[in-house]
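# Notes for the structure review
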Amino acid sequence: MDDVDLSQTITDILEGDTEKFAEIMRVYQKSIFLYCCHMLGNYAEAEDSGQEVFLKAYRSLGKYKREVPFGAWLYKIAYNHCIDMIRKRKLAKYLPFFYRDDKENKPVDWRIEAHYFDEFVHKAISKLSAEERNLLILRCVDEKSYEEISQILGRSNAALRKKYGRTAAKFRQYYAQAKGVCAYDIGQGSGSETTFS
């Protein structure tokens, strides 16, 4: 769905053709579900949260400002919803993998399962703030550009780049501590390897 089609679909929904919201859901459902899954670390909660995000988006559609990319607006709703869920349960499993630096930010379909339940990953990730985890998920898992993340989080590209670098270093340090190895040994492979090998 291109921007023109999306804009027309939103107009149609706001004018009463509510069934067209299913078209928006079809386009964004998978990515929002995966985002919630990574933020919450729980498949069932992610399914429920994905539905809640779309319900909130539908109810707030009249407040959507067209100068903001729709995807960024939707991710912001998802982020806020996930933060609320995290606050409510206070204990969660988070991002199961991470890359050494931004140059190694590649698709990550492989070897996730091998590391998803890694106790060292959970110990390390639990020491990061929700904002730091969110940045890692948006950048590494959802492969969002800094421009897109800037629109979602309301922060400048330069600030996000610095935060990403600091967060990556912090994660590697926490992971090394949890695993009992030197931080320099973590993530020394190529972009085809995870940080946790």
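Read on for a plain summary of the structure. (Residues numbered from 1 in each chain as written. Predicted model: local features only at pLDDT ≥ 70, side-chain atom pairs only at ≥ 80, totals over all residues. Heavy atoms only, no water.)

## Concerning the packing of aromatic side chains
Inspection of the entire model under this criterion finds 10 aromatic pairs. Between Y35 and Y75, the ring centres sit 5.3 Å apart and the planes meet at 80°, which makes this aromatic pair edge-to-face. Here Y75 lies in helix α4 (residues 70-89) and Y35 lies in helix α2 (residues 21-40), a separation of 40 residues in the sequence. Each member of the pair, Y35 as well as Y75, is classed as buried. With a centroid separation of 5.2 Å and an interplanar angle of 85°, the aromatic rings of Y64 and F70 are classed as edge-to-face. Residue Y64 shares its accessibility class with F70, and that shared class is buried. By the ring-pair criterion, three or more aromatic residues cluster together here, those being Y28, Y64, F70 and W73. R139 extends its terminal NZ or CZ atom over the ring of Y146, reaching a point 4.3 Å from the ring centre. (Phe/Tyr/Trp six-rings, centres within 6.5 Å; stacked < 30°, edge-to-face > 60°. Helix = DSSP H or I, 4+ residues; strand = E, 2+ residues; numbered from the N terminus. Buried < 20%, exposed > 50% of the residue type's maximum accessible area, 1.4 Å probe, protein only. Lys NZ or Arg CZ within 6 Å of the ring centre and 35° of its normal.)

## Description of the side chain of S49
Mapped onto the fold, S49 is located in helix α3 (residues 43-60). A distance of 3.3 Å separates polar atoms of two side chains, one belonging to S49 and the other to H81. (Polar contact = N/O pair within 3.5 Å; in protein donor to acceptor, adjacent residues only side chain to side chain.)

## Description of the pattern of salt bridges
Summed over the entire model, instances satisfying the criterion amount to 4 salt bridges. Measuring nitrogen to oxygen at the nearest pair gives 2.5 Å for the salt bridge that ties R155 to E131. One end of the pair, R155, is in the loop between α8 (146-153) and α9 (157-179); the other, E131, is in helix α7 (residues 130-141), with 24 residues separating them in the sequence. Here E131 and K163 are joined by a salt bridge, their closest N and O atoms 4.0 Å apart. Taken as a pair, E131 in helix α7 and K163 in helix α9 lie far apart in primary sequence, 32 residues in all. For E131, a relative accessible area of 29% translates into the label partly exposed. Residue class for K163 comes out buried when judged on its relative accessible area of 14%. Each of E131, R155 and K163 takes part in a single network of salt bridges with overlapping partners. (Salt bridge = Lys/Arg side-chain N within 4 Å of Asp/Glu carboxyl O.)

## Here's the deal with the packing of helix α1 (residues 3-14) against α2
Remark: α1 packs on α2, axes separated minimally by 9 Å, with the N-to-C direction vectors making an angle of 140°. Taken as axis vectors, α1 and α2 run oblique relative to one another. Each of L6, T9, I10 and I13 in α1 lies in contact with α2, whose residues at this interface are F21, E23, I24 and Y28. Among the residues making up the contact of α1 with α2, the classes are represented as 6 nonpolar, 1 polar and 1 charged. (Axes fitted to C-alpha atoms, helices over the stretch in contact; angles between N-to-C directions. Parallel < 35°, antiparallel > 145°, perpendicular 65-115°, else oblique. Contact = heavy atoms within 4.5 Å. Nonpolar A, V, L, I, M, F, W, Y, C, P; charged D, E, K, R; others polar.)

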